[in-house]
Amino acid sequence: MYACEEGFSTGGRDGCIRLWDNDFKPITKIDLRDSEQGYKGLSIRSVCWKGDRILAGTQDSEIFEVMVRERDKPMLIMQGHCEGELWALAVHPKKPLAVTGSDDRSVRLWSLADHALIARCNMEEAVRSVAFSPDGSQLALGMKDGSFTVLRVRDMTEVVHIKDRKEVIHEMKFS
């Protein structure tokens, strides 16, 4: 719950932000689950209301900004891996880019210059290792189930997926 001059704001497990006046009469409800951005089934963990802006933090490391007058257009301003642990990290050989992979079964391409998420690809398995090709055009991903995948960096599409072992692949390298 957050108190301000306009009243109170609350957020909860249902993914909704509710605004209340100073007498705790409901003003409006903003459902972030309807947003095309962010994780599905999100849960609000913190909320801040100042003037016509609301910031909401979720259990999945996301931060949304909502303009009160445009409540149906929440903007995702920060996002990160959400579930389990981050295992995979590699830096692009030529550009200020990095890639991460995690237990949340996502691979994320980040701009190191802008500190921003550029692309995200959801995988079938948890990611344990990642490596860029020498020219930076492809990514090799080692998975928890013993499979590996190669993706094109430009559009994060799959080149190949092979499973030839049962044990986790902790290290990937191009040669």
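Just above, that's the structure.
Basis of the calculations
Residues numbered from 1 in each chain as written. Predicted model: local features only at pLDDT ≥ 70, side-chain atom pairs only at ≥ 80, totals over all residues. Heavy atoms only, no water. Buried < 20%, exposed > 50% of the residue type's maximum accessible area, 1.4 Å probe, protein only. Helix = DSSP H or I, 4+ residues; strand = E, 2+ residues; numbered from the N terminus. Pairing = 2+ DSSP bridges. Core = buried A, V, L, I, M, F, W, Y, C linked by side-chain atoms within 4.5 Å. Contact = heavy atoms within 4.5 Å. Axes fitted to C-alpha atoms, helices over the stretch in contact; angles between N-to-C directions. Disulfide = S-S within 2.5 Å.

Student: Help me get a handle on the pairing of strand E11 (residues 106–111), residues and values and all.
Tutor: Burial runs high along E11: six of the six residues are buried. With burial as the criterion, each face of E11 is covered, one bearing Ser106, Arg108 and Trp110 and the other bearing Val107, Leu109 and Ser111. Bridge analysis of strand E10 (residues 97–102) against E11 gives five bridges, and the strand direction is antiparallel. Counted as the bridge partner of glycine 101 is valine 107 from E11. What sits between the antiparallel neighbours E10 and E11 is a turn of three residues, in which arginine 105 has the positive phi angle 65°. Taking the residues between adjacent antiparallel strands as the criterion, E11 and strand E12 (residues 116–122) are bridged by four residues, where histidine 115 takes a positive phi near 55°.

Student: Account for the nonpolar core, with residues named and values stated.
Tutor: Among the nonpolar cores identified, the biggest contains 18 residues, and Val99, Val107, Met123, Leu139 and Leu141 are the most heavily contacted of them. At the level of elements, strand E9 (86–91), E10, E11, E12, strand E13 (127–132) and strand E14 (138–143) are the ones that each hand at least two residues to this core. Excluding residues within four positions of it along the chain, valine 99 makes contact with Ala88, Leu89, Ala90, Val107, Arg108, Leu109, Val130, Phe132 and Leu139. Listed in part, the 15 residues of the second largest apolar core include Ile30, Val47, Val66 and Leu76.

Student: Please set out the sheet that holds strand E2 (residues 7–11) residue by residue, giving values where relevant.
Tutor: Overall, antiparallel pairing links the four strands, which are arranged E1-E2-E3-E4 in an open sheet. The outermost strands of the open sheet, each flanked by one partner alone, are strand E1 (2–4) and strand E4 (26–31). Taking each pair of neighbouring strands and ignoring which way they run, the sheet shows an average axis angle of 15°. The pairing of E2 with strand E3 (residues 16–20) spans four bridges and is classified as antiparallel.

Student: Describe the state of the cysteines, naming the residues involved and giving the relevant values.
Tutor: Per the counting criterion, the structure on display carries zero disulfides. Looking at the unpaired cysteine 16, the closest cysteine sulfur is the one in cysteine 4, lying at 19 Å. Taking the relative accessible area as the measure of exposure, cysteine 16 reaches 1% and is therefore buried.

Spatial relationships are all this shows, so hold off on functional conclusions.
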